[in-house]
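Structural characterization, general
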Amino acid sequence: MTGADLLYWRRKREQWYSIAERAPDDATADYLHKVFEPTARAIDGLERALAGLGLLDQALAMDLRRPQDYFSNMWNSGFPVEELADPDDHDDQEDEVA
């Protein structure tokens, strides 16, 4: 995921929450929340990573309808989804290697 993906995935997360809230019963809603939860964690991780680099405000301000934004450094600030979804686990692995 890159910083340029943030707004897209935030909108998708809102869409998923909306679908789950309109589910016909609690079991279906719980299932949908469970299915979308790993992606939601990755989105939260992307926000933390961008904030840590001081790029969160820039990512939130991107307007992908403007072609000049495609050349932004947000497209070059990418992170593996696995690391974003579980940053604590990744930190532990780095400590073991060091």
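Okay, so let's go over this structure.

Basis of the calculations
Residues numbered from 1 in each chain as written. Predicted model: local features only at pLDDT ≥ 70, side-chain atom pairs only at ≥ 80, totals over all residues. Heavy atoms only, no water. Salt bridge = Lys/Arg side-chain N within 4 Å of Asp/Glu carboxyl O. Helix = DSSP H or I, 4+ residues; strand = E, 2+ residues; numbered from the N terminus. Buried < 20%, exposed > 50% of the residue type's maximum accessible area, 1.4 Å probe, protein only. Contact = heavy atoms within 4.5 Å. Axes fitted to C-alpha atoms, helices over the stretch in contact; angles between N-to-C directions. Parallel < 35°, antiparallel > 145°, perpendicular 65-115°, else oblique. Left-handed = near helix turned anticlockwise from the far one by under 90°. Nonpolar A, V, L, I, M, F, W, Y, C, P; charged D, E, K, R; others polar.

**Brief notes about the pattern of salt bridges**
In this structure the tally under the stated criterion is four salt bridges. Among the salt bridges present, the one from Glu-47 reaches Arg-13, with a minimum N-O distance of 3.5 Å. Highlighted residues: Glu-47 in helix 2 (residues 26–52) and Arg-13 in helix 1 (residues 6–21), separated in sequence by 34 residues. An identical accessibility class is assigned to Glu-47 and Arg-13; each is buried. Residue Glu-37 is joined to Arg-41 by a salt bridge in which the shortest nitrogen-to-oxygen separation is 2.7 Å. One end of the pair, Glu-37, and the other, Arg-41, are both in helix 2, four residues apart, so they sit about a helical turn from each other. Given the relative accessible area of 34%, Arg-41 is considered partly exposed. What you see here is one network of salt bridges that share partners, running through Arg-10, Arg-13, Asp-44 and Glu-47.

**As for the environment of Pro-80**
With respect to the element layout, Pro-80 can be found in the loop between helix 3 (56–61) and helix 4 (81–85). For Pro-80, a relative accessible area of 38% translates into the label partly exposed. Along the sequence, Pro-80 and Ala-42 sit 38 residues apart, while their C-alpha atoms lie 9.2 Å from each other.

**Quick notes on the environment of Leu-84**
Along the chain, Leu-84 falls in helix 4. As for Leu-84 and Arg-48, which are separated by 36 residues in sequence, their C-alpha atoms are 8.5 Å apart. Every residue in contact with Leu-84, bar those within four places of it in the chain, is listed here: Met-1, Arg-41, Ala-42, Gly-45, Leu-46, Arg-48, Ala-49 and Phe-79.

**Regarding the packing of helix 1 against helix 2**
Packed helices, taken two at a time, are described by their axes: the angle between them and the distance between them. Axis separation between helix 1 and helix 2 bottoms out at 10 Å; the angle between their running directions is 160°. Our classification of the angle between helix 1 and helix 2 gives roughly antiparallel. For the pair helix 1 and helix 2, the crossing hand works out as left-handed. Together, Leu-6, Trp-9, Arg-10, Arg-13, Trp-16, Tyr-17, Ile-19, Ala-20 and Glu-21 of helix 1 and Ala-29, Leu-32, His-33, Phe-36, Thr-39, Ala-40, Ile-43, Asp-44, Leu-46, Glu-47 and Leu-50 of helix 2 make up the contact between the two elements. A per-class count over the contact of helix 1 with helix 2 returns 13 nonpolar, two polar and five charged.

Purely geometric numbers; function is a separate question.
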